[in-house]
Amino acid sequence: MSGRTITMISLLVLCATIAAGAQAVTITAGDGTIPAVDQTETFTIMVDEFPQGLLGFNITARLGDPSKAEIVGIILPHWPGSLEDVGPVPADSVWIKVFDYQDHVKPGQTDVILCTVQVRGDAPGTTTLELLVDKMNSDDLGSISPVLIPGTITIGSATIPTTSPSPTATVTTATTATTATTATTATTVPTTVPTTAP
C-alpha cells in the first residue's frame, strides 16, 4: 500500500470521526408575555436532548429589538460541582458559560434547562429572544451543533383592532289602508197600473 493511499485513508477516517462527534440537538428559547412596561418575566432556554451528555457550553442570549426590552438577570441551574459565569446585566446581550465537570447532565437526558433569562419590558410591542452558540461539548469531548429556535416576547397586552358596527338603518313602511267604495245606483223602474174603465 502506497504512502499516498495511507494518507487518503487516514483523512477519511478523520473526517468520519469529526462527523460522528458533531451532535445535533435543539435549543429553544421560551415564548411569553410581559403584561406591562417596567414589569419583568422569566423565559427558559431548554435543550430537547443530550445524546452524549454535556460537558459545558458558552452561549449568548440577546434581544432582537433592544428598544422593546432588556435582559436584567440570568438564573443558572447551579449544578453541583459546575463552574458558572455570566456577562454583566442589565444588557441587550448576555453571554453564559457553564462547565458540568460533575456529570450532572448524563447521556440521553432530555428537556434540560440551560438557564432562565429575566427580561424587563421597556416599551409596548414585540421582540425576539435569540441565541448564539460559541461552543458546546458533550462528555466525550464531541462538538455539539445545535439547531436554535428563538422565542417571541410580547410587551403589553396584545391589542386586537375592533370595528364599531355601522348604524343600522330603520326602515319604516307606511301602510295606507285603501277602502274601496262601491257606489250602487238604484234605478227606479216605473210601474204601470192598469186602469179599469167605469
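Residues numbered from 1 in each chain as written. Predicted model: local features only at pLDDT ≥ 70, side-chain atom pairs only at ≥ 80, totals over all residues. Heavy atoms only, no water.

Draft legend 1. Summary view of the pairing of strand S7 (residues 93-99). Residues Val94, Ile96 and Val98 of S7 are buried on one face, while the alternating residues Ser93, Trp95, Lys97 and Phe99, pointing to the opposite face, are not. Relative to S7, strand S4 (residues 56-63) is paired through seven bridges, and the arrangement is antiparallel. Across the sheet, the residue bridging to threonine 60 is tryptophan 95, located in S7. Sheet analysis places strand S6 (residues 83-86) next to S7, joined by four bridges and oriented antiparallel. Looking at the pairing, aspartate 85 lines up with lysine 97 of S7. Taking the residues between adjacent antiparallel strands as the criterion, S6 and S7 are bridged by six residues. (Buried < 20%, exposed > 50% of the residue type's maximum accessible area, 1.4 Å probe, protein only. Helix = DSSP H or I, 4+ residues; strand = E, 2+ residues; numbered from the N terminus. Pairing = 2+ DSSP bridges.)

Draft legend 2. Fine view of the pattern of salt bridges. Applying the stated criterion across every chain, the model contains four salt bridges. Close ionic contact of aspartate 103 with lysine 106 constitutes a salt bridge, the shortest N to O distance being 3.6 Å. On the basis of relative accessible area, aspartate 103 is assigned to the partly exposed category, the value being 28%. Here arginine 120 and aspartate 122 are joined by a salt bridge, their closest N and O atoms 2.9 Å apart. (Salt bridge = Lys/Arg side-chain N within 4 Å of Asp/Glu carboxyl O.)

Draft legend 3. Summary view of the nonpolar core. Counting residues in each nonpolar core, the largest one holds 34 residues, and the members touching the most others are Ile45 and Leu114. Take this core: its biggest share by element is five residues, from strand S8 (residues 109-121). Excluding residues within four positions of it along the chain, isoleucine 45 makes contact with Ile27, Thr28, Ala29, Ile59, Val112, Ile113, Leu114, Cys115, Val117, Leu129 and Leu131. (Core = buried A, V, L, I, M, F, W, Y, C linked by side-chain atoms within 4.5 Å. Contact = heavy atoms within 4.5 Å.)

Draft legend 4. Main features of the sheet that holds strand S9 (residues 125-137). The strand order across the open sheet formed by six strands is S2-S11-S9-S4-S7-S6, and the pairing between neighbours is mixed. Single-partner strands in this sheet number two, and they are strand S2 (32-34) and S6. Adjacent strand axes in the sheet meet at a mean angle of 20 degrees, parallel and antiparallel pairs treated alike. Relative to strand S11 (residues 151-155), S9 runs antiparallel, the two being bridged by five bridges. Bridge pairing links glycine 125 to isoleucine 155 in S11. (Axes fitted to C-alpha atoms, helices over the stretch in contact; angles between N-to-C directions.)

Draft legend 5. Up close: the pairing of S11. Here S11 shows one buried face, formed by Gly151, Ile153 and Ile155, and one open face, formed by Thr152 and Thr154. Here three bridges tie S2 to S11, and the two strands are oriented parallel to one another. Pairing of glycine 32 across the sheet is with isoleucine 153, part of S11.

Draft legend 6. Representation of the environment of threonine 26. The topology assignment puts threonine 26 in strand S1 (residues 26-29). We classify threonine 26 as partly exposed; its relative accessible area is 21%. When the C-alpha positions of threonine 26 and methionine 46 are compared, they lie 8.2 Å apart, and in sequence the two are 20 residues distant.

Draft legend 7. Geometry of the confidence of the model for the protein chain. Scored by pLDDT, the protein chain comes out at a mean of 80, with 68% of its residues at no less than 70. Contacts of residues 5-20 to residues separated by more than four positions or lying in other chains number two contacts, the stretch itself having pLDDT below 50. pLDDT under 50 marks residues 169-198. Its contacts with residues more than four places away, or in other chains, come to zero contacts. (pLDDT = per-residue confidence, 0-100.)

Draft legend 8. Examining the environment of cysteine 115 more closely. Tracing the backbone shows cysteine 115 in strand S8. Distance in space between the C-alpha atoms of cysteine 115 and methionine 46 is 7.5 Å, their sequence separation being 69 residues. Residues within four places of cysteine 115 in sequence aside, it is in contact with Phe43, Thr44, Ile45, Ile74, Ile75, Leu76 and Ile96.

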